[in-house]
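So you can see what is in the structure, the chains are spelled out below.
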Amino acid sequence: MTDGNLTLHTDKYQINMMYAHWVNGTCNDYAAFEVYFRKLPFGNGYAVFAGLERVVRYIQELRFGEREIAYLREQEENYDESFLDMLREFRFTGDLYAAAEGSLVFSNEPMLRVEGRIVEAQLVETAILNMVNYQTLIATKASRIKQVATDDNLMEFGTRRAQETEAAVWGARAAYIAGFDATSNMRAGMLFGIPTQGTHAHSWVQGHDTELEAFERYAEALPDHVTLLVDTYDTLKSGMVNAIKVGLKLKAAGKHLKAVRLDSGDLAYLSKQARIMLDEAGLQEVRIVASNDLDENIIFNLKGQGARIDSWGVGTQLITASDQPSLGGVYKLVARRSAGETEWTPVIKISGNPEKVTTPGIKNVYRIINNENGKAEADYLALPDETDIEEGKPLTLFDPIHPYLRKEISDYNAIPLLLPVFRDGVLRTEPPTLDHIRNFHKEQLQMFWPEHLRKLNPEHYPIDLSPKAWQLKMDLIQKYR
Ligand SMILES: Nc1ncnc2c1ncn2[C@@H]1O[C@H](COP(=O)(O)OP(=O)(O)OP(=O)(O)O)[C@@H](O)[C@H]1O
Ligand SMILES: O=P(O)(O)OC[C@H]1O[C@H](OP(=O)(O)OP(=O)(O)O)[C@H](O)[C@@H]1O
Ligand SMILES: O=C(O)c1cccnc1
């Protein structure tokens, strides 16, 4: 069915606009687009940027092959043959800047920017949003789950309920970035090097005459990795009793039962009872795994009830971001430049809804770290010719919606959020390893006050405009109103 070429993984209107540019002789005009979202998902205080590696591979492989060209010819009689010939030579030759994967990002700040020939920059909108919106959403959901699970083992179990195959593997990767320890998806493990973990299903137990026999056969086959699912018939009266028998047998043979898995019923009560039973049998080392439609709220509740759970399997709620299944990231034109010109012209999109008015001009994004405490104070969006910040000059931070709310800062470190990924179509450096990204994410969390990170009603983290960027926006609003 699929040939792996994602070049036509775009909306038809992008190709129509490319064609209209070709007809009008404006293919070589330049455009700058920024990717950002307006509202954080799940009421969270931050999002975890993910999806860049997928974007990098997609951009590197952009090509209109003969199959794509034949399809376009068949679909639209208006497309001139010379346009299709031009597509044969099509490559991404522009620049792409992006936050590092695993970065904390916030509403209304650019997390990725494309600068390039308008036809190239327009084509890639749909796929970039598709990749970044989904992966950032799942990484953010996973980060919330990690926050409540703290140091417990977290396993991603979502593949069977994911929105098809690619969502499963890229979702598993996003979850790992945000702090999950393993996935059950073997392909995600193979593709990305994520550790894999797994127990067994009810079918294993149902497929034997007795639960004890099922447990014994399983333990014989995989003596080093025995986690037994104990709820097929009756968790405490049967499953735990049989698991303990197998645990004691393994122990006598110098091995050990790794864990039992609870998958139904009152997980707080059952885990406490299971812990007592294991401890009384002298099996203190055996861990307790729980699964069954878990999310951050249930895990938080179970912990509040004193549940004795060491490891969590989380599937459906994570991989489908069930309580908010989409992130509304957008790709907006912020500046343009005709072929032959050197200066960018900032552009704005006005809307009756003030939240939807775009912020014109190419912006550099800086994370302002207060040197007195090492914590992030605000993110600061400045126009490219503003050098104050890089020279460490005192800054006035103000709220772009309520500009009278202001704060001075002089002892700070300004860290650029957007880094060059492609320049003139050439990849600058290979993406970092997944473990590097995961560690980077962990370090990022340390840079923020807990007030911005808490799961419920977090404090808003300021995303500020430089006075010049703010004035440009006001001027363009005036011009078009
Ligand atoms: N002590 C608890 N406090 C809060 N929520 C819990 C507790 N124990 C389990 N849950 C959650 O409640 C839900 C239980 O749903 P439900 O009653 O449909 O499942 P069940 O008891 O496992 O039944 P089934 O056999 O159909 O799976 C799950 O999301 C589970 O994670
Ligand atoms: O509940 P999730 O977070 O999605 O985790 C994955 C679930 O998948 C398996 O269930 P299965 O497919 O057998 O379905 P069931 O337990 O819901 O009947 C497993 O026993 C978990 O309960
Ligand atoms: O390994 C498991 O226990 C597992 C994997 C996927 C879904 N449910 C459970």
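What you see is a predicted model; the values in this text were computed from it and never measured.

What counts, and at which threshold
Residues numbered from 1 in each chain as written. Chains lettered and ligands numbered in written order. Predicted model: local features only at pLDDT ≥ 70, side-chain atom pairs only at ≥ 80, totals over all residues. Heavy atoms only, no water. UniProt positions renumbered as here; feature names shortened; annotations may be inferred. Helix = DSSP H or I, 4+ residues; strand = E, 2+ residues; numbered from the N terminus. Buried < 20%, exposed > 50% of the residue type's maximum accessible area, 1.4 Å probe, protein only. Pairing = 2+ DSSP bridges. Right-handed = clockwise from strand over helix to strand, strands pointing away. Near = heavy atom within 4 Å. Polar contact = N/O pair within 3.5 Å; in protein donor to acceptor, adjacent residues only side chain to side chain. Areas by Shrake-Rupley, 256 points an atom, 1.4 Å probe, with all protein chains shown as cover. Contact = heavy atoms within 4.5 Å. Axes fitted to C-alpha atoms, helices over the stretch in contact; angles between N-to-C directions. Nonpolar A, V, L, I, M, F, W, Y, C, P; charged D, E, K, R; others polar. Phe/Tyr/Trp six-rings, centres within 6.5 Å; stacked < 30°, edge-to-face > 60°. Lys NZ or Arg CZ within 6 Å of the ring centre and 35° of its normal.

This part covers the UniProt feature "domain: Nicotinate phosphoribosyltransferase C-terminal" (unreviewed entry) in the protein. According to UniProt, the feature "domain: Nicotinate phosphoribosyltransferase C-terminal" (unreviewed entry) maps to residues 363-473 in the numbering used here. Here residues 363-473 is 22% helix and 34% strand, with 12 Å between the C-alpha atoms at its ends.

So, about the pairing of strand β9 (residues 259-262). Neither face of β9 is exposed, since Ala259 and Arg261 on one face and Val260 and Leu262 on the opposite face are all buried. Pairing geometry for strand β8 (residues 227-229) and β9, over three bridges, is parallel. Following the sheet pairing, leucine 228 is matched in β9 by valine 260. The parallel pair β8 and β9, bridged by helix α11 (residues 235-252), forms a crossover whose chirality is right-handed. When β9 meets strand β10 (residues 287-290), the two strands line up parallel, connected through four bridges. From the neighbouring strand, arginine 261 faces β10, where its bridge partner is valine 289.

Glancing now at the site of ligand 2. Around ligand 2, the structure places Phe157, Arg160, Arg161, Arg261, Asp263, Asn292, Asp293, Leu294, Val314, Gly315 and Thr316. One of the side-chain N or O atoms of arginine 160 is found 2.7 Å from an oxygen atom in ligand 2. The separation between an oxygen atom of ligand 2 and a polar side-chain atom of arginine 261 is 3.0 Å. Burial of ligand 2 by the protein amounts to 71% of the accessible area it has alone, namely 480 Å².

In this section: the sheet that holds strand β11 (residues 311-314). Read from one edge to the other, the open sheet built from six strands follows the order β7-β6-β11-β10-β9-β8, with strand pairing classed as parallel. If you trace the sheet from one side to the other, it starts and ends with β7 (182-183) and β8, each paired once. When strand β6 (residues 153-156) meets β11, the two strands line up parallel, connected through four bridges. Of the residues in β11, the one forming a bridge with methionine 155 is glycine 313.

Reading across from one edge, β13-β12-β1-β5-β3-β19-β20 is the order of the seven strands in this open sheet, with antiparallel pairing throughout. The strands lining the two open edges of the sheet, one partner per strand, are β13 (345-346) and β20 (426-427). As defined by bridge partners, strand β1 (residues 30-36) adjoins strand β5 (residues 112-117) across six bridges and the pair is classed as antiparallel. Each residue of the ladder has a partner; that of alanine 32, found in β5, is glutamate 115. Across the face of the sheet, helix α6 (residues 125-149) comes into contact with β1, β3 (95-98), β5 and β12 (330-337) while running at roughly 140° to β12.

In the region of ligand 3, the neighbouring residues are Phe157, Arg160, Ser184, Gly198, Thr199 and Arg261. Interatomic distance of 2.4 Å between a side-chain N/O atom of threonine 199 and an oxygen atom of ligand 3. In this structure, arginine 261 approaches ligand 3 through a side-chain N or O atom, which is 3.3 Å from an oxygen atom. Calculation on ligand 3 without its partners gives an accessible area of 250 Å², and the protein chains cover 81% of this total. When the residues that make up the shell around ligand 3 are grouped by side-chain class, the tally is one nonpolar, three polar and two charged.

Okay, the packing of aromatic side chains next. Evaluated as defined, the whole model comprises 15 aromatic pairs. Ring geometry for tyrosine 30 and tryptophan 344: centres 6.5 Å apart, planes at 70°, overall edge-to-face. With tyrosine 30 in strand β1 and tryptophan 344 in the loop between β12 and β13, this pair connects stretches of sequence that are 314 residues apart. Ring geometry for phenylalanine 106 against phenylalanine 448: centres 5.5 Å apart, planes inclined by 45°, an arrangement best described as tilted. Of this pair, phenylalanine 106 sits in the loop between β4 (104-105) and β5 while phenylalanine 448 is found in the loop between α15 (434-446) and α16 (450-453), placing the two residues 342 residues apart along the sequence. Judged on exposure class, the residue phenylalanine 106 and its partner phenylalanine 448 are both buried. These aromatic residues form a ring-pair network of at least three members: Tyr19, Trp22, Tyr79 and Phe83. Positioned above the aromatic ring of phenylalanine 42, the side-chain terminus of lysine 141 is 5.1 Å from the ring centre. In this arrangement the basic side chain of lysine 455 is found over the ring face of phenylalanine 300, its NZ or CZ atom lying 5.0 Å from the centre.

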